[in-house]
Amino acid sequence: MARKYEMHIGGRPVAASAHREIKNPATGATVGLCPIGTLEHLEQAVDAAAAAFAKWRRSSDGERRAACEAMAGILTQHASELAALVTQEQGKPLKGIGSEFELGGCAAWASYTGALELPSKVIEDSATKHVEMLREPIGVVGSITPWNWPLIIAIWHLAPAIRTGNTVVIKPSPFTPLGTLRMIELLAQAVPPGVLNVVAGDDELGAALSRHPKIQKVVFTGSASTGRKVMASAAPTLKHLTLELGGNDAGIVLPDADMDKLIAPMFWGSFINSGQTCAALKRLYVPDAMYERVCKAFIDFARATPMGDGMQPGTQLGPLQNERQFRKVIELVEDAKRHGGDILLGGEAQKGPGYFYPVTLVGGLENGVRLVDEEQFGPALPIVRYRRLEDAIAWANDTDYGLSASVWGSDRAQLNAVARQLEAGTVFINKHAEVAPNIPFGGIKGSGLGVEFAQEGLEAYTTIKIINAAT
Ligand code: NAD
């Protein structure tokens, strides 16, 4: 019998009257039953968070820090259980850069965020005035998460919110709700009732959350199109916003790149989580003279990287998470074939069960074809030739997105010069798709608004209050 999961509101479990089966994308087996929360559940959760805010906003710095530390401890203690649940509902492998890695990151982020400080600052202390700047919590934070890295993204939202004295209502993706429901049930023990609440349900619940008048900030991670809707919903009540949206990250290989050394970080920079990662390498520009060498390095590496059920030992790549994403990848590769794409590897979906699409490398394309221009969010990488470096830089920048980008080579000065010309929130050199709790991360252009992580990310959960005293 599949387990019926519950929401967690005001410090207690809350059942729904309707449920949906969540299926394993590798096998089609039922993982558990997700409650379908209603607008009434959302109201209860927001009311609980608002009531808890009245007290939690006055909690001491030490209490908030201890809450984050306690959450880190819970995440470490329950890592195996949560990782297995993530692999079963999301599809990523348990090992390697998979769900155990995700859970390790959850604990690390909770702990690091707990140790961050936002002390008050004396701006002026003169004969005429004493001016002090305080950082205050904003209120109830609504968190909306996607399905690709469901637990760590939830931690990225809730840890800084709680660290700074806010309370939280989180709504996970309808594709991967179970891990988040279980994680919040556990983490809620680390804070007073109502500080951390979770509701699960359809997309409409996200829309209702992003326009709710009692929610003062929305932190959203998901697609660019939904991000725009969230921004519009938040406008009437002027909510604070952090938007972490999609990307179409370009990588540029320089003629002196040592492919023997770089193929591993380049492959994983692109195919991490089977390409279902916001800041993955999604198109690669390669000098004409290097083209054969780069393609061969990718093909050899891919052939040695097993794809399968993430619960099976040895699996390094999992399936696409859901049918919608599976269809999208098929559609983009078929479109590339019709537009002169040269399939160097893969290119056909595997027969079921599971949404398996093999590592696919497509040459023969230029900007202007969908697989190059759009975010594929799957294991299909276009490899585009260039003759002049300035063309590659222009093509890399020719996008509405601006999440991250990368440049690969040996000459530090040239690598730095190219990095400075790429339009992205993060430019990597000789790596891609790396985030860390001490490095601010966020997109520019259509990839988002604001940053997460580090001091700068924490500040986004606060308002500034000035106390300006005559002396
Ligand atoms: P999505 O936009 O379809 O859904 C994200 C969340 O928004 C889900 O919880 C969904 O239920 C909710 N939602 C749907 N409609 C809504 C609405 N009208 N109002 C409010 N909420 C609504 O995205 P997805 O398919 O789950 O995730 C994949 C996308 O997320 C990719 O584009 C990826 O690049 C992006 N992403 C970005 C980052 C980042 O940090 N920049 C990280 C991970 C994923």
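Residues numbered from 1 in each chain as written. Predicted model: local features only at pLDDT ≥ 70, side-chain atom pairs only at ≥ 80, totals over all residues. Heavy atoms only, no water.

Our next topic: the packing of helix 3 (residues 79-90) against helix 6 (residues 178-187). The geometry of helix 3 relative to helix 6 is characterised by a closest axis approach of 9 Å and an angle of 160° between their N-to-C directions. With respect to each other, helix 3 and helix 6 are oriented roughly antiparallel. Considering the relative orientation of helix 3 and helix 6, their crossing is left-handed. Contacts from Glu81, Leu82, Leu85 and Glu89 of helix 3 reach helix 6 at Leu178, Gly179, Arg182, Met183 and Leu186. For the contact of helix 3 with helix 6, the per-class residue count stands at five nonpolar, one polar and three charged. (Axes fitted to C-alpha atoms, helices over the stretch in contact; angles between N-to-C directions. Helix = DSSP H or I, 4+ residues; strand = E, 2+ residues; numbered from the N terminus. Parallel < 35°, antiparallel > 145°, perpendicular 65-115°, else oblique. Left-handed = near helix turned anticlockwise from the far one by under 90°. Contact = heavy atoms within 4.5 Å. Nonpolar A, V, L, I, M, F, W, Y, C, P; charged D, E, K, R; others polar.)

For the rest of this paragraph, the subject is the site of the ligand. In the vicinity of the ligand, 31 residues are found, and the nearest of them are Thr145, Asp203, Ser223, Leu245 and Glu375. With respect to the ligand, the side chain of Ser223 contributes an N or O atom lying 2.6 Å from an oxygen atom. In the model, an oxygen atom of the ligand is placed 3.1 Å from a nitrogen or oxygen of the Arg324 side chain. Protein contact buries 93% of the 850 Å² of open area that the ligand shows by itself. Among the elements of the structure, helix 7 (203-211), strand 10 (217-221) and helix 8 (224-234) are those that each provide at least two residues to the shell around the ligand. Looking at which element gives the most residues to the shell around the ligand, the answer is helix 7, with four residues. (Near = heavy atom within 4 Å. Polar contact = N/O pair within 3.5 Å; in protein donor to acceptor, adjacent residues only side chain to side chain. Areas by Shrake-Rupley, 256 points an atom, 1.4 Å probe, with all protein chains shown as cover.)

Attention shifts here to the packing of aromatic side chains. If you walk through the whole model with that rule in mind, you get twelve aromatic pairs. Measuring from ring centre to ring centre gives 6.2 Å for Phe101 and Trp149, while their planes differ by 70°; the resulting arrangement is edge-to-face. Here Trp149 lies in the loop between strand 7 (140-144) and helix 5 (150-163) and Phe101 lies in helix 4 (residues 99-115), a separation of 48 residues in the sequence. On the basis of relative accessible area, Trp149 is assigned to the buried category, the value being 8%. For the pair Trp156 and Phe453, a centre-to-centre distance of 4.8 Å together with 70° between the ring planes defines the contact as edge-to-face. One end of the pair, Trp156, is in helix 5; the other, Phe453, is in the loop between strand 19 (448-449) and helix 15 (454-459), and 297 residues separate them in sequence. (Phe/Tyr/Trp six-rings, centres within 6.5 Å; stacked < 30°, edge-to-face > 60°. Buried < 20%, exposed > 50% of the residue type's maximum accessible area, 1.4 Å probe, protein only.)

So, about helix 3. Taking 1.5 Å as the rise per residue, helix 3 with twelve residues should run 16 Å; its terminal C-alpha atoms sit 16 Å apart, in good agreement. Against strand 3 (19-23), strand 4 (30-35), helix 2 (61-77), helix 4, helix 5 and helix 6 lie the buried residues of helix 3. Directly after helix 3, the chain includes Gly91, whose backbone phi takes a positive value near 110°. (Expected span 1.5 Å × (residues − 1).)

Per-residue confidence for the protein gives a mean pLDDT of 98; residues scoring 70 or more make up 100%. Model confidence for the protein, summarised as mean pLDDT per element, is weakest for helix 7 at 97 and strongest for strand 8 (residues 167-171) at 99. (pLDDT = per-residue confidence, 0-100.)

Where helix 13 (residues 389-397) contacts helix 14 (residues 412-421), the two axes come as close as 10 Å, and the packing angle between them is 35°. In this structure, helix 13 crosses over helix 14, and the sense of that crossing is right-handed. Contacts from Leu389, Ile393 and Asn397 of helix 13 reach helix 14 at Gln414, Val418 and Gln421. Here the residues of the contact of helix 13 with helix 14 are counted per class, giving three nonpolar, three polar and no charged.

Below, the discussion takes up the pattern of salt bridges. Two side chains bearing opposite charge may form a pair once their charged atoms approach each other closely. Considering all chains together, one arrives at 28 salt bridges under this definition. One salt bridge connects Glu136 with Lys465, and the closest N-O pair in it is separated by 3.6 Å. Of this pair, Glu136 sits in strand 6 (residues 129-137) while Lys465 sits in strand 20 (residues 462-470), placing them 329 residues apart in sequence. According to the relative accessible area criterion, Glu136 is partly exposed, its value standing at 22%. By relative accessible area, which is 38% here, Lys465 ends up partly exposed. (Salt bridge = Lys/Arg side-chain N within 4 Å of Asp/Glu carboxyl O.)

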